[in-house]
Amino acid sequence: SGLSDTIILDIISNYLVLPNRITVPLVSEVEIAQLRFPIPKGVLRIHFIEAQDLEGKDTYLKGIVKGKSDPYGIIRVGNQIFQSKVIKENLNPKWNEVYEALVYEHPGQELEIELFDEDPDKDDFLGSLMIDLIEVEKERLLDEWFTLDEVSKGKLHLKLEWLTLMPTAENLDKVLTSIRADKDQANDGLSSALLILYLDSARNLPVSYILMDTLFS
Ligand SMILES: [Ca+2]
Ligand SMILES: [Ca+2]
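Residues numbered from 1 in each chain as written. Chains lettered and ligands numbered in written order. Predicted model: local features only at pLDDT ≥ 70, side-chain atom pairs only at ≥ 80, totals over all residues. Heavy atoms only, no water.

### Quick notes on the environment of F37
Now for step 1: The residue F37 is located in the loop between α2 (32–36) and β1 (42–52) in this model.
Now for step 2: Residue F37 is classed as partly exposed on the basis of its relative accessible area, which comes to 48%. (Helix = DSSP H or I, 4+ residues; strand = E, 2+ residues; numbered from the N terminus. Buried < 20%, exposed > 50% of the residue type's maximum accessible area, 1.4 Å probe, protein only.)

Take a look at the structure:
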């Protein structure tokens, strides 16, 4: 069934979709942690702004009265998934949301967007979009209306920023100033720096007695 397919796909992608990787050391001197947890190549900042002229996928009175749609988006970069809020009964929705995704490999990574009409039972499809991250990296900044694929009409306005990582905090003040200037557009605040934490191992962790009880009863 569809549900078990989704669960299986989720399990597989949790192991196999970038940035996850299976590491097989061929020479002994290689730092395994470096291979398994590389530093991202960049950060993709996605301004999920608005859409226009979407398909109306709601009907009333057994299909006699045509309604609008309740659009929302699912935004995917590798195994990072974001979901926008739902704008009720609107074919020209304005979301004005911002997401930030780490990009590890490209080619091989794309920005995938799907739009849906929220329904009580099964949501209706409103179109999709695939953007090659190589394009975004080359342009650094894309602010465009994209025509939606797999539907008869509808377009999506995105602003995409490619951010590279600096090894030092030299430009941090400048970045913080520009982020503050941009604050009107961003809802949840934007990132200025990336903290990479590598958890190597743990020792002498306390035993979970709840688990022990369950095991022996
Ligand atoms: Ca519908
Ligand atoms: Ca609906």
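### A closer look at the coordination of the calcium ion (ligand 2)
Now for step 1: Each protein donor to the calcium ion (ligand 2) is listed here as D58 (OD), D58 (OD), D70 (OD), D117 (OD), D117 (OD), E118 (O) and D119 (OD); together their distances run 2.3 to 3.2 Å.
Now for step 2: Here the donor residues of the calcium ion (ligand 2) are spaced in sequence according to D-x11-D-x46-D-E-D.
Now for step 3: The metal-metal distance between the calcium ion (ligand 2) and the calcium ion (ligand 1) is 3.8 Å, with D58 coordinating both. Considered together, D117 and D119 belong to a single accessibility category, that of buried residues. (Donors = N, O, S within 2.8 Å, 3.2 Å for Na, K, Ca; no water.)

### Overview of the environment of L126
Now for step 1: Relative to the helices and strands, L126 resides in strand β8 (residues 124–132).
Now for step 2: Look at L126 and you get buried, because its relative accessible area is 0%.
Now for step 3: Not counting chain neighbours up to four residues away, the residues in contact with L126 comprise L54, E55, K57, S69, P71, L115, F116, D117, L148 and V151. (Contact = heavy atoms within 4.5 Å.)

### Details of the sheet that holds strand β6 (residues 94–103)
Now for step 1: As summarised here, the arrangement of the 4 strands in space is β6-β1-β10-β9, forming an open sheet in which the pairing is antiparallel. Every other strand in the sheet has two partners, leaving β6 and β9 (141–147) as the edge strands with one partner each. Between one strand axis and the next, the sheet turns by 20° as a mean value, whatever way the strands run.
Now for step 2: With 9 bridges joining them, β1 and strand β10 (residues 155–163) adopt antiparallel strand pairing. (Pairing = 2+ DSSP bridges. Axes fitted to C-alpha atoms, helices over the stretch in contact; angles between N-to-C directions.)

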